[in-house]
Amino acid sequence: MAKYRKKAILVEAVQWFEDGDHPNVKMIPLDRFENRQGADRRCKRCELVLDGIHGEIETLEGVHIVCPGDFIITGVAGEHYPCKPDIFKKTYDNEKTRTPDRSFLPEKVVEELERHIDKIRYRSMSHLVHVILLEWVEKQQKKRERLNNRKSQEEKTNEAMEDD
Ligand SMILES: [Zn+2]
C-alpha cells in the first residue's frame, strides 16, 4: 500500500473551559437534566456532571457536547467541531511555535539538529539548519579526503612493493 501524508491545513482553535470562551458554545443549562440521577447526569467521556459545566455546539453532524478543556476547531469551511485535548495535541501544532518539517533533511542532519537544538540558541530555525548542513557537508568532505589519502597511500605502497 502506498503511504500518504495528510496535507497541512491551517485551522483556528480555542480551548473551551467556560461560558464565553467560544461564541458558538452554549452552556448546558443547570436544569436540563434535573430529573436525572447519579451516573446518568454525568458525561460519559469525562465523568463530570453534564449541566452547568459542559457546553454544546452545533456541528455538521448535529449538536455535540463540549467537555471543559476540549478544543473547538474551526474547519476550512467555517464549520466548528470539538476535539479532545489529547487528540488535539497529537494532531495539531501551534503555527507560531511548531518545529518546521525536517523530513526532507538527511537522517544524519536531523540527528545533529536534535543534538544541538536545546543547547544553542540560534537566530532562527533556518539558521540552525544552515549551520548544521554546512557542518555535515564539511564532515563528508573530510571523510572523502581521508579516504582518498588512504587510497593514494595504498597505491604508493603497492607500487613500492612491485618495484622490489
Ligand atoms: Zn465531558
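Refer to the structure printed above.
Rules behind the numbers
- Residues numbered from 1 in each chain as written.
- Predicted model: local features only at pLDDT ≥ 70, side-chain atom pairs only at ≥ 80, totals over all residues.
- Helix = DSSP H or I, 4+ residues; strand = E, 2+ residues; numbered from the N terminus.
- Buried ≥ 20, exposed ≤ 12 C-beta atoms within 10 Å, placed from the backbone.
- Contact = placed C-beta atoms within 7 Å.
- Core = buried A, V, L, I, M, F, W, Y, C linked by C-beta atoms within 7 Å.
- Pairing = 2+ DSSP bridges.
- Axes fitted to C-alpha atoms, helices over the stretch in contact; angles between N-to-C directions.

## With respect to the overall build of the chain
Here is step 1: Tallying secondary structure elements over the chain gives 3 helices and 6 strands in all.
Here is step 2: Counting helices and strands in the order they occur from the N terminus, the chain gives β-β-β-β-β-β-α-α-α.
Here is step 3: In the chain, which comprises 164 residues, the share counted as buried stands at 8%.
Here is step 4: Across the chain, contacts joining residues at least 24 apart in sequence account for 36% of those joining residues at least 6 apart.

## A look at the nonpolar core
Here is step 1: In this structure, Trp16, Val25, Val66, Phe71 and Ile72 together form the largest nonpolar core, which totals 5 residues.
Here is step 2: In this structure, phenylalanine 71 is in contact with Ala13, Val14, Gln15, Pro82, Cys83, Pro85 and Phe88, ignoring residues within four places of it in sequence.

## Notes on the sheet that holds strand β2 (residues 26-27)
In any sheet, the strands associate via hydrogen bonds between backbone groups, in a parallel or an antiparallel arrangement.
Here is step 1: Read from one edge to the other, the open sheet built from 3 strands follows the order β2-β3-β4, with strand pairing classed as antiparallel. What marks the edges here is a single partner per strand, and that holds for β2 and β4 (62-66).
Here is step 2: Both β2 and strand β3 (residues 55-59) contribute to a ladder of 2 bridges, which runs antiparallel. Looking at the pairing, lysine 26 lines up with glutamate 56 of β3.

## Side note on the sheet that holds strand β1 (residues 12-15)
Here is step 1: Ordered in space as β1-β5-β6, the 3 strands form an open sheet in which the pairing is antiparallel. Two strands close off the open sheet at either side, each with one partner strand: β1 and β6 (80-83). Sheet twist, expressed as the mean angle between neighbouring strand axes with direction ignored, is 25 degrees.
Here is step 2: The pairing of strand β5 (residues 71-74) with β6 spans 4 bridges and is antiparallel. Bridge pairing in β6 links threonine 74 to histidine 80.

## What to know about the pairing of β5
Here is step 1: Note: β1 against β5, 4 bridges, orientation antiparallel. Counterpart to glutamate 12 in the pairing with β5 is threonine 74.
Here is step 2: Linkage of β5 to β6, two consecutive antiparallel strands, is achieved through a turn of 5 residues, within which glycine 78 is found at a positive phi near 85 degrees.

## Thoughts on the environment of leucine 134
Here is step 1: Locating leucine 134 in the fold gives a position in helix α3 (residues 125-163).
Here is step 2: For leucine 134, a count of 10 C-beta atoms within 10 Å corresponds to the exposed category.

## As for the environment of glutamate 61
Here is step 1: Within the secondary structure, glutamate 61 is located in the loop between β3 and β4.
Here is step 2: When the C-alpha atoms of glutamate 61 and tyrosine 81 are compared, they prove to be 9.1 Å apart, with 20 residues separating the residues in sequence.

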